[in-house]
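Inside the fold
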Amino acid sequence: MARCDQGYLCHICGEEVKRLDQSLLYLRYVIGWITVEQLTQQPEAHLGCTPSVAQFIVAEEFATPDLGEEPAAKRFLDPEFRQAREALLTAGYQRLRYLQKHRRQMPIAQYPLSAATPSE
Ligand SMILES: [Zn+2]
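Residues numbered from 1 in each chain as written. Predicted model: local features only at pLDDT ≥ 70, side-chain atom pairs only at ≥ 80, totals over all residues.

Turning next to the overall build of the protein. Within the protein one finds 4 helices and 0 strands. Starting at the N terminus and ending at the C terminus, the protein contains elements arranged as α-α-α-α. Computed over its C-alpha atoms, the radius of gyration of the protein comes to 14 Å, within 12% of the 14 Å expected for a compact globule of 120 residues. Principal-axis analysis of the C-alpha atoms places the extent of the protein at approximately 40 × 35 × 25 Å. Burial statistics for the protein: of 120 residues in total, 21% are counted as buried. (Helix = DSSP H or I, 4+ residues; strand = E, 2+ residues; numbered from the N terminus. Rg over C-alpha atoms; globule rule 2.2 N^0.38 Å. Buried ≥ 20, exposed ≤ 12 C-beta atoms within 10 Å, placed from the backbone.)

Here it is, written out as structure tokens:
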């Protein structure tokens, strides 16, 4: 992670992704969807620019997008699948908020939820 102090650019809006809790890549990393190697290989995006993913984040601090009648809207999903996905992505988002505060003390290998200490 040689470039870790410089944010990556969002491939949708072109702006820098400045915070961990705005990062689609880091969200996918902390929930185990991508490996640490893929963090530097896949396109970055703001969570706010990727509503099909962000719609599953249900948190006070997050403006959850509503996809309305779009085919990708979560209302069209099987309720159990939808709930499981909301639980996972919301937990991932809370993890990112925690990491945003504590990133300097934590190695990147400790970022994923699966590496989280039970006391947290
Ligand atoms: Zn963006």
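Looking at the element boundaries, Ile31 is found in the loop between helix 1 (24-30) and helix 2 (36-39). Overall, the presence of 19 C-beta atoms within 10 Å leaves Ile31 in the partly exposed class. For Ile31 and Tyr93, which are 62 residues apart along the polypeptide, the C-alpha to C-alpha distance reads 9.1 Å. Ile31 has contacts with Leu88, Leu89, Gly92 and Leu113, leaving out every residue within four places of it along the chain. (Contact = placed C-beta atoms within 7 Å.)

Another point: the nonpolar core. Membership of the largest hydrophobic core comes to 18 residues, with the highest contact counts inside it found for Tyr26, Leu27, Val30, Ile57 and Leu96. Where this core is concerned, the elements lending two or more residues are helix 1 and helix 4 (79-102). The leading source of residues in this core is helix 1, at 6 residues. In this view, Leu27 contacts Leu47, Leu89, Gly92, Tyr93 and Leu96; residues no more than four positions away in its chain are not counted. (Core = buried A, V, L, I, M, F, W, Y, C linked by C-beta atoms within 7 Å.)

Time to look at the environment of Leu25. Counting through the fold element by element, Leu25 comes out in helix 1. C-alpha of Leu25 to C-alpha of Thr40: the two residues are 15 residues apart in sequence and 8.9 Å apart in space. Among residues more than four places away in sequence, those in contact with Leu25 are Leu39, Gln42 and Glu44.

This next bit is on helix 4. In this model helix 4 runs 34 Å from its N-terminal to its C-terminal C-alpha over 24 residues, within 8% of the 34 Å that 1.5 Å per residue would give. Turning to helix 4, its buried residues number three or more, namely Leu89, Gly92, Tyr93, Arg95 and Leu96. Contact partners of the buried residues in helix 4: helix 1 and helix 3 (51-54). (Expected span 1.5 Å × (residues − 1).)

The topology assignment puts Phe56 in the loop between helix 3 and helix 4. Measuring from C-alpha to C-alpha, the distance between Phe56 and Arg85 comes to 6.4 Å, with 29 residues separating the pair along the chain. Ignoring anything within four residues of it in the chain, the contact list for Phe56 reads Lys74, Arg85, Glu86 and Leu89.

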